[in-house]
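Per-entry structural report
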Amino acid sequence: MSTPTPGRAFTRAAVPEALVSLLTLTFLAVVIRTAWLSDDSLITLRTVLNVTHGFGLRFNIDERVQTFTHPLWLAVVTARMLRDVRTSSFAAFLSSVLLAVIAFWTAVNRAATAWQAAAVVVVLLFSRAFVDFSTSGLENPLSCVLLAWFVVNFLRTHEPEPQRPRRLITRLWLITSLLYLTRPDDIVLVAPMLAVATWRLRRSGVIRAPRSPARFPLRCGRSSRSSTTASRFPTRRMRSSRWASTAPSCTCRVCFYLIDSARSRSADVDDDRVPR
């Protein structure tokens, strides 16, 4: 009796592809029937409109205030709107629907058994939080897609011999960074799994222990004495000369920024004093 190859246990889906496609179309019909846009998404859309018209990442043109908390979702909607600025609301709606469908299809298709797939379908179809916020214009669908991608890669770390473990742990950290850029509180969901995966792959020898920072200055000092490696490790004089050359420009930029901020502040105070 032959044993299965490690990492190839779930090569066949638990649910047929035709049934998964039918369930996905059903979910798409439910999402389109309950489609809407929230008030918070309109704040993001106005910021995107200002970006596409050259006014920067701001809600009001004359105020440098960041009114969004999802930079990655803002970038996705902005990239869609750069093709056609007139379809701002449709861009957010279409992006939300596509990402929600991808998240639903991934959750059903990656189920290990038919009972798990049935439980996923029932929970997602009858969850008003998942259905309603799939078309709200917010970052929820993108968060669901990234969370599903993270869970799929996390389950691969449980295999006896995971394939390409270095790329796997790099992918997990990359997805975690994208989740933080999408919604910062998603870190609470993936941080325990990321710690477990990192510790497991570190014990297997994939991740090396960090070197002591005290060795770096000593190595730089030794290598700077030789003429062949002096260009690789700059000496203290070279670093001071670079700092001296870049310090005035940095100081000027900081001064100009403070002066500009003071002018805008004084202008706002003057506007408040004018009787209306």
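For the structure itself, look to the data block above.
This text gives an overview of the structure that appears in the document. The residue numbers shown here count from 1 along each chain, following its written sequence. With pLDDT at 70 or above as the cut-off, local features in this predicted model cover only qualifying residues; side-chain atom pairs require 80 or more to be listed or tallied, and sums for whole chains, interfaces and linings still use all residues. Water and hydrogen atoms play no part in the side-chain values, which are based on all heavy atoms of the structure.

To pair, rings of Phe, Tyr and Trp, with the six-membered ring standing in for Trp, must have centres within 6.5 Å; the planes then decide the type, stacked if under 30 degrees apart, edge-to-face if over 60, and tilted in the middle. One pass over the full model with this rule turns up 3 aromatic pairs. Ring centres 4.5 Å apart and planes at 0 degrees place the aromatic pair F27 and F104 in the stacked group. Of this pair, F27 sits in helix α1 (residues 17–33) while F104 sits in helix α4 (residues 88–109), placing them 77 residues apart in sequence. Here's how the labels work: a residue is buried when its accessible area is under 20% of the maximum for its type, exposed when over 50%, partly exposed in between, all with a 1.4 Å probe on protein chains only. Judged by its relative accessible area of 0%, F27 is buried. F104 gets classed as buried once you look at its relative accessible area, which sits at 0%. By the ring-pair criterion, three or more aromatic residues cluster together here, those being F27, F104 and F130. Under the DSSP-based scheme used, a helix requires at least four consecutive residues in state H or I and a strand at least two consecutive residues in state E, with every element numbered from the N terminus.

When a protein is soluble and globular, its nonpolar side chains tend to lie buried together. Membership of the largest hydrophobic core comes to 23 residues, with the highest contact counts inside it found for V77, F150 and L172. At the level of elements, α2 (39–52), α3 (71–81), α4, α7 (140–156), α8 (165–182) and α9 (187–203) are the ones that each hand at least two residues to this core. The leading source of residues in this core is α7, at 5 residues. By size, the runner-up hydrophobic cluster in this structure holds 15 residues, among which are V20, V31, V108 and V131. Nine residue types can take part in a nonpolar core, namely buried Ala, Val, Leu, Ile, Met, Phe, Trp, Tyr and Cys, and a core is a set of them joined through side-chain atoms within 4.5 Å.

With respect to the element layout, T176 can be found in helix α8. Since its relative accessible area comes to 9%, T176 is described here as buried. The contact criterion used is simple: two residues touch if any of their non-hydrogen atoms lie within 4.5 Å. With sequence-adjacent residues up to four places away left out, T176 is seen in contact with F150, I187, V190 and L194.

Attention now moves to α2. Side chains that are three or four residues apart share a direction in an α-helix, a result of its 3.6 residues per turn. Residue count minus one, scaled by 1.5 Å, sets the expected span of a helix. Between its first and last C-alpha atoms α2 spans 20 Å; for 14 residues at 1.5 Å apiece the expected length is 20 Å, and the two agree. All buried positions along α2 are accounted for by S41, T44, L45, T47, V48, N50 and T52. G54 sits one or two positions beyond α2 and adopts a positive phi of about 85 degrees.

Okay, the environment of S38 next. Secondary-structure assignment places S38 in the loop between α1 and α2. Each C-alpha atom, one on S38 and one on D132, is 9.9 Å from the other, the two residues being 94 residues apart in sequence.

Quick look at the packing of α2 against α3 now. Under this scheme, a helix contributes an axis fitted over its contacting stretch, all axes are lines through C-alpha atoms, and angles between N-to-C directions fall in the 0 to 180 degree range. Remark: α2 packs on α3, axes separated minimally by 10 Å, with the N-to-C direction vectors making an angle of 55 degrees. The pairing of α2 with α3 is recorded here as oblique in orientation. Classified by chirality, the crossing of α3 by α2 is right-handed. Taking contact as the criterion, the partners of T44, L45, T47, V48, L49, V51 and T52 in α2 are, on α3, L74, V77, T78 and M81. What sets the label is the angle itself: under 35 degrees gives roughly parallel, over 145 gives roughly antiparallel, 65 to 115 gives roughly perpendicular, and the rest give oblique. Take the far helix as your reference; a near helix turned counterclockwise from it by less than a right angle gives a left-handed crossing, and one turned clockwise gives a right-handed crossing.

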